[in-house]
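Listed below, chain by chain, are the residues.
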Amino acid sequence: MNPICVLEKEADELGVEIGWLSLSEYTPPAASYKYMKIAMNRNWHKSKEIPFQLAHEISHIKNHDNCTLAFYHASYSSQERIEREANVGAIKLLLPIFNDMGYENNPVKFMQVFHVPNYLFDNVVKVMKV
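Below or above, wherever it landed, is the structure these notes cover. (Residues numbered from 1 in each chain as written. Predicted model: local features only at pLDDT ≥ 70, side-chain atom pairs only at ≥ 80, totals over all residues. Heavy atoms only, no water.)

1. Here's the deal with the sheet that holds strand β2 (residues 30-32)
So, point 1. Spatial ordering of the open sheet is given by β1-β3-β2, a layout of 3 strands whose pairing is mixed. Of all the strands in the sheet, the pair left with one neighbour each is β1 (17-21) and β2. Shown here is a sheet whose adjacent strand axes are inclined to one another by a mean of 15°, direction ignored.
So, point 2. As paired strands, β1 and strand β3 (residues 37-41) are joined by 5 bridges and run parallel to one another. Bridge assignment links Ile18 to a residue of β3, and that residue is Ile38. (Pairing = 2+ DSSP bridges. Helix = DSSP H or I, 4+ residues; strand = E, 2+ residues; numbered from the N terminus. Axes fitted to C-alpha atoms, helices over the stretch in contact; angles between N-to-C directions.)

2. Regarding the pairing of β3
Walk down a regular strand and you will see the side chains alternate between the two sheet faces.
So, point 1. In this structure, β2 lies alongside β3, joined through 3 bridges in antiparallel fashion. Paired with Ala31 across the strands is Ile38, a residue of β3.
So, point 2. Linkage of β2 to β3, two consecutive antiparallel strands, is achieved through a turn of 4 residues, within which Met36 is found at a positive phi near 55°.

3. Remarks on the pattern of salt bridges
So, point 1. Enumeration according to the criterion identifies 3 salt bridges in this entry.
So, point 2. Note that Lys62 is salt-bridged to Glu10, the shortest N-O span being 3.3 Å. Taken together, the positions of Lys62 in helix α2 (residues 50-62) and Glu10 in helix α1 (residues 3-14) put the pair 52 residues apart, joining distant regions of the chain.
So, point 3. The partner of Arg81 in a salt bridge is Glu85, with the nearest N and O atoms 3.1 Å apart. With Arg81 and Glu85 both in helix α3 (residues 80-100), this residue pair falls 4 residues apart, about one helical turn. (Salt bridge = Lys/Arg side-chain N within 4 Å of Asp/Glu carboxyl O.)

4. Regarding the nonpolar core
So, point 1. By size, the foremost hydrophobic cluster in this structure holds 30 residues, and its most contacted members are Leu7, Ile38, Leu54, Leu94, Phe110 and Val116.
So, point 2. Breaking this core down by element, the ones donating at least two residues are α1, β3, α2, α3, α4 (107-114) and α5 (121-128).
So, point 3. With 7 residues, α3 is the single largest residue contributor to this core.
So, point 4. Contact partners of Leu54, with chain neighbours within four places excluded, come to Ile4, Leu7, Glu8, Ile18, Trp20, Ile38 and Met40. (Core = buried A, V, L, I, M, F, W, Y, C linked by side-chain atoms within 4.5 Å. Buried < 20%, exposed > 50% of the residue type's maximum accessible area, 1.4 Å probe, protein only. Contact = heavy atoms within 4.5 Å.)

Here it is, written out as structure tokens:
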């Protein structure tokens, strides 16, 4: 099972267009609810993070976040709540994929498989209800 394909199908069902762009390796992805578009960077320097990034950006769309650019790294700015909710949404989107891959609910393994940032461990535990 390819997580990217599953997430692309989810985006398509929402009417969201994903653009896979060749950008600088440090240019993060972004989403626009207004335009129903996601810009993903195919050259991201940590390519194994891309499924989590895509799930995060899809979550911005599902949450109807009213921001033009919403980066997946949480910040301490006014965007913190929006980013936290998108991170939780990403975990929720990825959990069924993780289970379909044959894994049991193990937060550490989940975070390893999808390269989820360590600061989200408590969120993963809560979503998995372990």
